[in-house]
Amino acid sequence: MDLKLLRDRAENAFRENGFPTSRDELWRFTDVSPVAAAAFDGAWKPADIPFVPLGSVVAVFENGKLSLEKSNLDGLPAGLHVGSIMDQADERLGSLADAQSAFVSANTAYFSDGLHIQADDGVQVDEPIHLVFLADADGMAFHVRNLISCGAGSKLTVVEEYIGGADDSAYWTNAVTEVFVGDEGTVDHYKVQRESGGAFHFQTIEASVGANAVFSNHAITIGSRLGRNDIRGKLTGEGGEAVCNGLYLLKDRQLFDTHMFMDHAVPQCNSHELYKGILDEKARAVFCGRILVQQDAQQTDAVQSNKNLLLSRGAKVNTLPQLEIYADDVKCTHGATVGELDEQALYYLQTRGIDPAAGHAMLTFAFANEVLDEVKCRPAKAHIEKLVHEWLDQVSA
Amino acid sequence: MKIENEKSFDEIAEKEYKYGFVTDIESDSLPPGLNEEIVREISRRKNEPEWLTEWRVKAFHHWTTLEQPQWAKVEFPPIDYQAVSYYSAPKRKIDAPKSLDEVDPELLETYEKLGIPLREQEVLAGVVAVDAVFDSVSVATTFKGKLEEMGIIFCSFSEAVKDHPELVKKYLGSVVPYKDNYFATLNSAVFSDGSFCYVPPGVRCPMELSTYFRINAANTGQFERTLLIADEGAYVSYLEGCTAPQRDENQLHAAVVELIAHKDAKIKYSTVQNWYPGDKDGKGGIYNFVTKRGHCRGDNSKISWTQVETGSAITWKYPSCILKGDNSVGEFYSVAVTNNMQQADTGTKMIHIGKNTKSTIVSKGISAGRAQNSYRGLVRVQETAENARNFSQCDSMLIGDQCGAHTFPYIDINNPTAQVEHEATTTKIGEDQIFYCNQRGLDTEEAVNMIVNGFCKEVFRELPMEFAVEAQKLLGISLEGSVG
């Protein structure tokens, strides 16, 4: 669709419907009125925030704008195209994420930058493409739009990392990423969110997965005061596979919401979701995972699990693992648990001479590590492990 | 593997509803429609005290401000609440019958067709007391005398209002307030009759109390109200079962059940629901919108719900437990079977408030034909509920590729000492299982029956003896016509 038309339509939808309220079933536990009430009239400035590149291809966005100076998009392998979405007309833009929510509508209507990544058919890139979104401009809204396109038989690894300044600046990141995985293609996608403590962070990731293709997403959440991930996958070709894992580490008065939706539209697809959360102080987590198995999607294998560890009084969890199944020859399971650390395990460690504090840290890391185990991209894994350790040290201190 | 005797299944599927017949008794009904005058008239006909009339009127006025809830995963045409008649009583011979001899013989015949040997039961001495409900007014109550000796009050709701107004006034609406939800509010305004039971402190009710509900009189909604109180240290097991005659018009049913368990008291509430589900194209059938809730008010109390839901075109029902007392226990065991065009959205709510409270949820959903079967449940652990424990298991079975099975659990945890686990699986009957059974000389339908009964075993073993046998048979009947 014509971009202008798309934007107009989205803007109308956004103006008409406004932000969701807690009367909306999908937003029952997440009150976004602070976002709706904020003015977002801040001025742009360069963001001077340190980061560690995870590979040689790095795209750095400074307060919402692609900075060619800080980025390295040269020397790309043949068949791999990376550039600003503003320079790259792609008619598929908006075909997956259009106006599902007020946030997607606002993004479609107002996005001003983002990254376009395309791997032509048969192009396999092992090195991760690192997208770094630096933000510290108080009172600004960043509508970031990314499009990842993986051709037939191609392979891509993409890491999106959102980093906020140390000053608790209050801004709003509103990102949308559309992912197209062609037949027999593989997209290994990571999202690391460590926004500032005053930030609002909302992102919708929409993926379409072709025949015998693999899409995997790992969402690691540490930052933001109020945020939400909408991660939605549609398995459109037989033999497709989707993995959506996540880890949220929350403290203070953070509220983070994850809505995961997996649509099995065709037969013989697999999907696996493992979401774990550790909550300290007065933090609150919302998890809603929905697996839809359509009538034709026979021989579906879907597993979903959400596990939460509560470290303190005042921490809260709302979890809603849902199955909606219209085909009979399927294997679907889901599970959810909430609790604190196993006292017997702690005691066992003590009998081995490990003091309670160390035992506590060990078991807490082990809890989180189940998600990290699934991370295939080595530089990303090392980076995430380090972040998890830092967070755990802060919590125990 | 293709099922070879598919033809015979179709024949069975087209079988008429086994319990489909209409008893020809003149009903003393109010004209269809709902307004304050109707509400007052119902109350007047039942000679109710003023406080109850006013309670009904308050509920009615609140109801007019509400909208019918839309969140359940069920679809049905809009209900015209003004086309329903809200009161129907079998015509009486001057006064209420004092013994079975005074009961309309045709009515007794109906019970016999339903397999409730009311006369026999007197002879059988104290196995089950039946407070049989025909449409909206209690006709006969047995074994009342025997229960009275122990101080147990078991009577129709209207009698309770007359004879024990202080108890009714104290407990009515204390678990399900009249403002609770659309259907409960409607029920509060127009409820016709139901059962009342009070078990005094320290008394263990010696028999299973039971009420057979039966919908009769065309175009009459049923609005039962059940109130069950187990005082300190008491125990009671209550059975509720029902069948309904076949008819084409949809019938509205909005019952309310309130259970109150005081300190150390235990209540076991078992239901077998087999109302007319509609024909294979979804024509007719009962709309069953029920609010059931138990309140574990005292420490160490326990409420256990067991339900086998095979009937109704639409089931909207969430028997719940509020676990207020410390160490109180809530249980929910459910089998919901939907076939043809039936829709069920059912589950439970477990609200943990007291310390060391425990709840168990075992739900088995079986969906066949073009039916939709959803589990919807809530487990909430409040800040105050130290060491709360919950285990939920929701299994679904799909028979055929046109049906749906869904699971919507809500888990809200506000206390870190809680241990909450939820598990759900979805399966179908394996072709290899059927093949194995065929090999052993069981035909496919018997095999399906056997496998499904095995799937539901965890729930059936919670049922009292009388019901367990009936439930297994019902399951077979409900699944007739579904292909394995």
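Keep in mind that what you see is a predicted model, and the values were worked out from it rather than measured.

Criteria and cut-off values
Residues numbered from 1 in each chain as written. Chains lettered and ligands numbered in written order. Predicted model: local features only at pLDDT ≥ 70, side-chain atom pairs only at ≥ 80, totals over all residues. Heavy atoms only, no water. Domains from an automatic or database assignment. Contact = heavy atoms within 4.5 Å. Buried area = accessible area lost by both parts, 1.4 Å probe. Salt bridge = Lys/Arg side-chain N within 4 Å of Asp/Glu carboxyl O. Polar contact = N/O pair within 3.5 Å; in protein donor to acceptor, adjacent residues only side chain to side chain. Helix = DSSP H or I, 4+ residues; strand = E, 2+ residues; numbered from the N terminus. Buried < 20%, exposed > 50% of the residue type's maximum accessible area, 1.4 Å probe, protein only. Pairing = 2+ DSSP bridges. Expected span 1.5 Å × (residues − 1).

Some thoughts on the domain arrangement of chain A
Residue and element names in this part refer to chain A.
Link 1 in the chain: Here chain A is described as being made up of domain 1 (3-341) and domain 2 (342-397).
Link 2 in the chain: For domain 1 and domain 2, the distance between their C-alpha centroids amounts to 25 Å.
Link 3 in the chain: Listed as interface residues are 29 residues of domain 1 and, on the opposing side, 24 residues of domain 2.
Link 4 in the chain: Looking at the side of domain 1 facing domain 2, the largest losses of area belong to Leu54, Lys276 and Leu341, adding up to 25% of the total buried there.
Link 5 in the chain: Linking domain 1 with domain 2 are one salt bridge.
Link 6 in the chain: Our count for the contact surface shared by domain 1 and domain 2 stands at seven residue pairs in polar contact (both at pLDDT 80 or more).
Link 7 in the chain: Of all elements in the fold, only β7 (155-164), β9 (186-194), β11 (214-221), β13 (241-250), β15 (270-279) and β17 (301-310) reach the threshold of two or more residues within the side of domain 1 that touches domain 2.

Digging into the pattern of salt bridges
Link 1 in the chain: The tally for this structure, following the rule as stated, stands at 39 salt bridges over all chains.
Link 2 in the chain: A salt bridge links A:Glu25 to A:Arg28, with the shortest nitrogen-to-oxygen separation between them at 3.7 Å.
Link 3 in the chain: Since its relative accessible area comes to 42%, A:Glu25 is described here as partly exposed.
Link 4 in the chain: The exposure class assigned to A:Arg28 is partly exposed, which follows from its relative accessible area of 34%.
Link 5 in the chain: Note that B:Glu431 and B:Lys428 form a salt bridge whose closest N and O atoms lie 3.8 Å from each other.
Link 6 in the chain: Since its relative accessible area comes to 40%, B:Glu431 is described here as partly exposed.

What about the side chain of A:Asn318?
Link 1 in the chain: By the element assignment, A:Asn318 lies in strand β18 (residues 316-325).
Link 2 in the chain: Taking the relative accessible area as the measure of exposure, A:Asn318 reaches 6% and is therefore buried.
Link 3 in the chain: Among the polar contacts listed, one links the side chain of A:Asn318 to the side chain of A:Arg284, at a separation of 3.2 Å.
Link 4 in the chain: When neighbours within four sequence positions are excluded, A:Asn318 is seen to be in contact with A:Phe29, A:Arg284, A:Ala285, A:Val286, A:Phe287, B:Ile411 and B:Asp412.

Considering the pairing of strand β4 (residues 115-119) of chain A
Residue and element names in this part refer to chain A.
Link 1 in the chain: For β4, a buried count of four out of five residues is recorded, marking the element as mostly surrounded by other parts of the structure.
Link 2 in the chain: Looking at chain direction, strand β3 (residues 80-84) and β4 are connected through five bridges and run antiparallel. If you follow Gly83 over to β4, its bridge partner there is His116.

Details of helix α11 (residues 444-455) of chain B
Side chains of residues three or four places apart in an α-helix project in the same direction, reflecting 3.6 residues per turn.
Link 1 in the chain: Helix length check: α11(B), at twelve residues, gives a terminal C-alpha distance of 16 Å against a target of 16 Å (1.5 Å per residue), a fit within 8%.
Link 2 in the chain: Put simply, B:Asp443 is the residue that caps the front of α11(B), since its side-chain oxygen is 3.0 Å from the backbone nitrogen of B:Glu445.

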